[in-house]
Every structure is written in structure tokens, then in C-alpha cells.
Amino acid sequence: MHEFQPLIDEHKDIYEIINKFKTALESTNKFTVMDELRNFKKGLDRVLDSHFATEERILFQKIEGKVTNEPDLIKNVLDEHKDIYKKKILLDELFDKYEIKHTDIGYEALIQLASDLADTLYNHAYVEDMTIFAFAGIVLSDEEKQIIAKELAKTSKKTKSK
Ligand SMILES: [Fe+2]
Ligand SMILES: [Fe+2]
């Protein structure tokens, strides 16, 4: 098993949540799209906070300073975490307003916002898969990777038993 398997599995989960929503966007039925938007938000509520927190606490801290050829790599993904959180909070707010009074935000604008969040998150996870996880595999010692694997296993057990 890969040392970062729990994080990779969470990315798979994230890709699935996004793909389901993006597929629903092809529908012309507003009710179908809104239902899937609800599922998209629920899916993110389930996985996003714990996934970002685990990455930041267990993986990023350990490789920061070691990736000297890409000094901004960790800073960039941390900025993206903040940006994704902000977009998610805005989506929740506007979704609630849309459900209550249709005047604050129109359907098209709401779906555009959700779609933008989905794209941002997809690209973020993809960059992590292709760069951070790959760099971590190179710059960390076997011992460090084993420590990370143990910490990740502990965290994912806790999350699953919630
Ligand atoms: Fe991340
Ligand atoms: Fe991630």
C-alpha cells in the first residue's frame, strides 16, 4: 500500500463528488441539478475540513522546506485551501438565500459559483496528486514516510468511526 493511501482515497472520494455534480449540470432539469448541488455540498461537508486539516498537519509540515526547487509549492496549496474554504462558505450562504428568497441570487449565478468551486477543487486535488504526493515520495526518508503512514492510518480510523 502507498504511504499516503488514506489521502489518495480521499482524493478519489473528492473526484467522485465533483464528477457526479458536473454530470448533473448537463441536465436541463433544474430540480435534478439542485438535488445534485445539495449532494455536492453534503459530500464536501463530509470530507473537506478533515482532509485539508490532515494534509496540513501531517504531510505539508513535513515536506515544507525540503522542496527547494519549488519553494512556493506548499504556500500555493495552502492558499488554495483558504480560497476553497471561502468559496464553500459563500456557496452555502447563497444557496440558503436562493432557497429562501429568489431575489438575492439567480439560479444561473448559483450554479456558476458551484461549478467554479468544483473546478477549483478538482484542479487542486490533481496538482497535489501530481506534485506534492510525488515530491513527498522523493524528498522524505523511508522512516519519515512510515511515521506519516501511521499518523494517516490513525486519523482515517477516527474519521471513519465518526
Ligand atoms: Fe489540499
Ligand atoms: Fe488533497
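Below is a summary of the structure that appears in this document. Since this is a predicted model, take the numbers as computed values, not measurements.

## A short note on the overall build of the protein
Reasoning step 1: For the protein, the count of helices and strands is five helices and zero strands.
Reasoning step 2: Its helices and strands in sequence order give the protein the pattern α-α-α-α-α, from N to C terminus.
Reasoning step 3: Considered along the principal axes of its C-alpha atoms, the protein spans approximately 55 × 35 × 25 Å.
Reasoning step 4: The proportion of buried residues among the 162 residues of the protein is 21%.

## Points about the environment of Lys12
Reasoning step 1: Tracing the backbone through its elements, the reader meets Lys12 in helix α1 (residues 5–24).
Reasoning step 2: Along the primary structure Lys12 and Ala125 are separated by 113 residues, whereas in three dimensions their C-alpha atoms are 9.2 Å apart.

## A look at the packing of α1 against helix α2 (residues 30–63)
Reasoning step 1: Close contact between α1 and α2 brings their axes to 9 Å; oriented N to C, the two are set at 160°. Of the possible angle classes, the one that applies to α1 and α2 is roughly antiparallel. Classified by chirality, the crossing of α2 by α1 is left-handed.
Reasoning step 2: Its residues assigned to classes, the contact of α1 with α2 comprises eleven nonpolar, five polar and five charged.

## Observations concerning helix α4 (residues 107–139)
Reasoning step 1: Its 33 residues place the ends of α4 46 Å apart at the C-alpha level, agreeing with the 48 Å of an ideal helix rising 1.5 Å per residue.
Reasoning step 2: The largest bend in α4 is about 40°, located at Glu128.
Reasoning step 3: Those residues of α4 that fall on the buried side of the exposure criterion are Leu110, Ala114, Leu117, Ala118, Leu121, Ala125, Glu128, Ile132 and Ala136.
Reasoning step 4: Elements in contact with the buried residues of α4: α1, α2 and α3 (73–100).

## A word on the nonpolar core
Reasoning step 1: Judged by nonpolar contacts, the single largest core of 15 residues is most densely connected at Ile17, Ile18, Phe21, Phe40, Ala114, Ala118 and Leu121.
Reasoning step 2: Contributing elements (two or more residues each) for this core: α1, α2 and α4.
Reasoning step 3: Beyond its immediate chain neighbours, meaning those up to four positions away, Leu121 contacts Ile14, Ile18 and Ile84.
Reasoning step 4: In this structure, Leu59, Ile74, Ile132 and Leu152 belong to the second largest nonpolar core, which totals eleven residues.

## Focus on the environment of Ser27
Reasoning step 1: Note that Ser27 resides in the loop between α1 and α2.
Reasoning step 2: Given 12 C-beta atoms within a 10 Å radius, Ser27 is considered exposed.
Reasoning step 3: Beyond its immediate stretch of four places on either side in the chain, Ser27 contacts Thr32 and Val33.

Rules used in this analysis
- Residue positions within a chain follow its written sequence, with the count starting from 1.
- Ligands are numbered from 1 and chains lettered from A, in the order in which they are written.
- Local features in a predicted model are, by the rule used here, given only for residues with pLDDT of at least 70; side-chain atom pairs are given and counted only at 80 or more, and totals for whole chains, interfaces and linings are based on all residues.
- Secondary structure elements are taken from DSSP: a helix is a run of H or I of four residues or more, a strand is a run of E of two residues or more, and numbering for both begins at the N terminus.
- Counts of 20 or more other C-beta atoms within 10 Å of a residue's own C-beta define buried residues, counts of 12 or fewer define exposed ones, and intermediate counts define partly exposed ones; C-beta atoms are placed from the backbone.
- Axes, fitted as lines to C-alpha atoms, cover a helix only where it is in contact. Angles between the N-to-C directions of the axes lie from 0 to 180 degrees.
- To sort the angles, those under 35 degrees are grouped as roughly parallel, those over 145 as roughly antiparallel, those from 65 to 115 as roughly perpendicular, and the leftovers as oblique.
- By the definition used in this description, the sense in which the near helix is turned from the far one sets the handedness, with an anticlockwise turn below a right angle giving left-handed and a clockwise turn giving right-handed.
- Here the nonpolar group is Ala, Val, Leu, Ile, Met, Phe, Trp, Tyr, Cys and Pro; Asp, Glu, Lys and Arg are the charged ones; every other residue, Gly included, is treated as polar.
- By this rule the span expected of a helix is its residue count minus one, scaled by 1.5 Å.
- A residue's bend is simply the angle between two axes: one fitted to the seven residues ending at it, one to the seven starting at it.
- The contact rule is simple: place each C-beta atom from the backbone, and if two of them lie within 7 Å, those residues are in contact.
- Note on definitions: a nonpolar core is a set of buried residues drawn from Ala, Val, Leu, Ile, Met, Phe, Trp, Tyr and Cys, linked by C-beta atoms within 7 Å.

Read these as layout, nothing more, since geometry by itself doesn't imply function.
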